[in-house]
Amino acid sequence: AQVIAPRGGEVVFAGPFQGFGNLLIIEHRAGFHILLAGLARIDAAVGDRVLAGEPVGIMEVQTDGKPSLYVELRSRGDPINPLPWLAAGRTRIKG
């Protein structure tokens with residue numbers, strides 16, 4: 001399954017990370033970071049600017065055959081509930 005950037009921002013980390021497998025971290029305005037883990041392939045590099053809805057990778061298929069994506073939102077380093085923040089970002093690209 002394709003993974004898209006939930007909001008626009010700058011890629012600040014892309015690669016393997018302790019126990020998360022491939023991890024992508026996108027920095028957004030006002031100290032927000034979104035972490036996406038469980039990727040078989042990352043299609044973005046550190047320093048890339050991504051738009052909301054832009055493809056950034058492919059999910060890894062687990063042993064049960066179902067893909068699993070880990071999503072975490074952080075505000076100034078602290079984890080927060082991502083649902084209200086993700087719902088507010090309705091701007092997406094079409095392609």
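Residues numbered from 1 in each chain as written. Predicted model: local features only at pLDDT ≥ 70, side-chain atom pairs only at ≥ 80, totals over all residues. Heavy atoms only, no water.

Draft legend 1. Quick look at the overall build of the protein. Within the protein, the secondary structure is distributed over 1 helix and 8 strands. Reading the protein from its N end, one meets helices and strands in the order β-β-β-β-β-β-β-β-α. Here the protein holds 95 residues, and the buried ones make up 33% of them. Contacts spanning at least 24 positions in sequence make up 53% of the contacts within the protein whose residues lie at least 6 apart. Summed over all atoms, the accessible surface of the protein reaches about 5900 Å², with 54% contributed by carbon and sulfur. (Helix = DSSP H or I, 4+ residues; strand = E, 2+ residues; numbered from the N terminus. Buried < 20%, exposed > 50% of the residue type's maximum accessible area, 1.4 Å probe, protein only. Contact = heavy atoms within 4.5 Å. Areas by Shrake-Rupley, 256 points an atom, 1.4 Å probe, with all protein chains shown as cover.)

Draft legend 2. Local environment of the nonpolar core. The biggest cluster of nonpolar side chains holds 12 residues, and these are Val3, Ala5, Val11, Leu24, Ile26, Ile34, Leu36, Leu39, Ala44, Val50, Val56 and Met59. Per-element tally for this core: the top contributor is strand S4 (residues 32-42), with 3 residues. Sequence-distant contacts of Ala44, that is, excluding residues within four places in its chain, are made with Val11, Ala14, Leu24 and Val56. (Core = buried A, V, L, I, M, F, W, Y, C linked by side-chain atoms within 4.5 Å.)

Draft legend 3. Representation of the side chain of Glu72 within the structure. Mapped onto the secondary structure, Glu72 falls in strand S7 (residues 70-75). Within the local environment of Glu72, its side chain forms a polar contact with the side chain of Arg74, the two groups lying 2.4 Å apart. Those residues within four positions of Glu72 in sequence are excluded, and the remaining contacts are His33, Ile34, Leu35 and Pro79. (Polar contact = N/O pair within 3.5 Å; in protein donor to acceptor, adjacent residues only side chain to side chain.)

Draft legend 4. Structural detail: the packing of aromatic side chains. Applying the stated criterion across every chain, the model contains 3 aromatic pairs. Centre to centre, the rings of Phe13 and Phe17 are 5.9 Å apart; their planes meet at 80°, and the pair counts as edge-to-face. By relative accessible area, which is 28% here, Phe13 ends up partly exposed. What makes Phe17 partly exposed here is its relative accessible area of 35%. Seen from their ring centres, Phe20 and Tyr70 are 5.5 Å apart, and the 50° between their planes marks the pair as tilted. Here the residue Phe20 occupies a position in the loop between strand S2 (9-17) and strand S3 (21-27), and Tyr70 occupies one in strand S7, the gap between them amounting to 50 residues. Of the residues examined, Tyr70 reaches a relative accessible area of 35% and is grouped as partly exposed. Linked through ring pairs, Phe13, Phe17, Phe20 and Tyr70 together constitute an aromatic cluster. (Phe/Tyr/Trp six-rings, centres within 6.5 Å; stacked < 30°, edge-to-face > 60°.)

Draft legend 5. Broad picture of the pairing of S7. In this sheet, S7 lies alongside S4 in antiparallel orientation, the contact comprising 6 bridges. From the neighbouring strand, Leu35 faces S7, where its bridge partner is Glu72. Of the strand pairs in this sheet, S7 and strand S8 (residues 78-80) are connected by 3 bridges, and their pairing is antiparallel. Following the sheet pairing, Ser75 is matched in S8 by Asp78. As consecutive antiparallel partners, S7 and S8 are separated by 2 residues, and within that stretch Arg76 has a phi angle of approximately 50°, a positive value. (Pairing = 2+ DSSP bridges.)

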